[in-house]
Amino acid sequence: MVNIRVVAVGLVAIHATAALAHAQISGRLVDRAGAALPGATVIAESRALPDGPRSAVTQEDGEYDFVGLPPGTYDMTFTMPGFSSTARHDLDVAEDAPLTVNATLLPGILDVPIRISGPSPVTSHYRLVPGAAGFMQLCKPLPSGEVGRCLPVIASAAERAN
């Protein structure tokens, strides 16, 4: 009976050691000038991940880190608003051998809806005011509604404008 217990404890220890085996992917994300890109999203995908893809956000220095990954083949995707996404495929991640994957994002299109609001545009309104000696005045109101400057015009020219 003693031998059976020793074998059972030995199997549990081997299984626990295998479960603790892990891999690591880390790196730095920069723009084409070499400046760090904080707040970018990094996604690690692999069939080895039982719970699906993992994601991380880059720190102020542009660095990210995935620890405790099961060994396997990974695809990495790097995204940030205002930049074109980039990806690395078929990365072999070995147990206890950290892999460094750096990436550079290039400027891209920022697709953000823009809403412009404000008062309706001011349109020009003119009115003719009768004047003396065959002249009329052409008056243009100011945006506030006050009468602006009036220009004298010959009555016949004003009639043609109407």
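Relevant structure appears above.
1. Things to note about the overall build of the chain
(1) Moving on: From N to C terminus, the chain includes two helices and eleven strands.
(2) Moving on: Tracing the chain from N to C terminus, the helices and strands come up as α-β-β-β-β-β-β-β-β-β-β-β-α.
(3) Moving on: For the chain, the proportion of its 162 residues judged to be buried stands at 20%.
(4) Moving on: If you take every contact in the chain between residues at least 6 apart in sequence, the share linking residues at least 24 apart comes to 44%.
(5) Moving on: Element-wise, carbon and sulfur atoms account for 58% of the exposed surface of the chain, whose accessible area totals about 11700 Å².

2. Brief notes about the environment of threonine 79
(1) Moving on: Tracing the backbone shows threonine 79 in strand S5 (residues 72-79).
(2) Moving on: The exposure class assigned to threonine 79 is partly exposed, which follows from its relative accessible area of 24%.
(3) Moving on: As for threonine 79 and valine 57, which are separated by 22 residues in sequence, their C-alpha atoms are 9.8 Å apart.
(4) Moving on: In contact with threonine 79, other than residues within four places in its own chain, are Ala40, Thr41, Ser85 and Leu105.

3. Section: the side chain of aspartate 31
(1) Moving on: Mapping aspartate 31 onto the fold places it in strand S1 (residues 23-31).
(2) Moving on: In this structure, aspartate 31 is buried with no salt-bridge partner, the nearest side chain bearing the opposite charge being arginine 32 at 7.4 Å.
(3) Moving on: Among the polar contacts made by the side chain of aspartate 31, one reaches the main-chain amide nitrogen of alanine 33 at a distance of 3.0 Å.
(4) Moving on: Within the structure, the side chain of aspartate 31 is placed 2.8 Å from the backbone nitrogen of alanine 35, a separation counted as a polar contact.
(5) Moving on: Excluding residues that lie within four positions of it along the chain, aspartate 31 makes contacts with Leu37, Phe83, Thr104 and Leu105.

4. Focus on a negative patch on the surface
(1) Moving on: Together, Glu60, Asp61, Glu63 and Asp65 line one region of the surface with negative charge.
(2) Moving on: By the secondary structure assignment, glutamate 60 is in the loop between strand S3 (54-57) and strand S4 (63-69).

5. Observations regarding unusual backbone geometry
Peptide bonds are trans in most cases, and residues, glycine excluded, mostly fall at negative phi.
(1) Moving on: A positive phi angle, near 55 degrees, is found at aspartate 90, a position not held by glycine.
(2) Moving on: Inspection of the secondary structure assignment puts aspartate 90 in strand S6 (residues 86-93).
(3) Moving on: Although it is not a glycine, aspartate 96 sits at a positive phi angle of roughly 55 degrees.
(4) Moving on: For aspartate 96, the position within the fold is in the loop between S6 and strand S7 (99-100).
(5) Moving on: Overall, aspartate 96 belongs to the exposed group, its relative accessible area being 55%.

6. Let's talk about the packing of aromatic side chains
Two aromatic rings are characterised by how far apart their centres lie and by the angle between their planes.
(1) Moving on: Considering all chains together, one arrives at two aromatic pairs under this definition.
(2) Moving on: Here tyrosine 64 and phenylalanine 66 contribute two aromatic rings whose centre-to-centre distance is 5.9 Å and whose plane-to-plane angle is 65 degrees, an arrangement assigned as edge-to-face.
(3) Moving on: Overall, the relative accessible area of 4% leaves tyrosine 64 in the buried class.
(4) Moving on: Residues tyrosine 64 and phenylalanine 78 carry aromatic rings whose centres are separated by 5.9 Å and whose planes lie at 65 degrees to one another, so their mutual orientation is edge-to-face.

7. A word on the nonpolar core
(1) Moving on: Residues Ile25, Tyr64, Phe66, Met76 and Phe78 are the most contacted members of the largest nonpolar core, which totals 21 residues.
(2) Moving on: Mapped onto this core, the elements with two or more residues apiece are S1, strand S2 (41-45), S4, S5, S6 and strand S8 (103-105).
(3) Moving on: Filtering out sequence-adjacent residues up to four positions away, tyrosine 64 remains in contact with Ile25, Ser26, Gly27, Arg28, Val42, Thr58, Met76, Phe78 and Val101.

The rules behind each value
- Residues numbered from 1 in each chain as written.
- Predicted model: local features only at pLDDT ≥ 70, side-chain atom pairs only at ≥ 80, totals over all residues.
- Heavy atoms only, no water.
- Helix = DSSP H or I, 4+ residues; strand = E, 2+ residues; numbered from the N terminus.
- Buried < 20%, exposed > 50% of the residue type's maximum accessible area, 1.4 Å probe, protein only.
- Contact = heavy atoms within 4.5 Å.
- Areas by Shrake-Rupley, 256 points an atom, 1.4 Å probe, with all protein chains shown as cover.
- Lys, Arg positive; Asp, Glu negative; His and termini not counted.
- Salt bridge = Lys/Arg side-chain N within 4 Å of Asp/Glu carboxyl O.
- Polar contact = N/O pair within 3.5 Å; in protein donor to acceptor, adjacent residues only side chain to side chain.
- Patch = residues over 30% accessible without salt bridge, like charges linked within 9 Å, V, L, I, M, F, W, Y side chains within 5 Å.
- Charge placed at Lys NZ, Arg CZ, Asp CG, Glu CD.
- Phe/Tyr/Trp six-rings, centres within 6.5 Å; stacked < 30°, edge-to-face > 60°.
- Core = buried A, V, L, I, M, F, W, Y, C linked by side-chain atoms within 4.5 Å.

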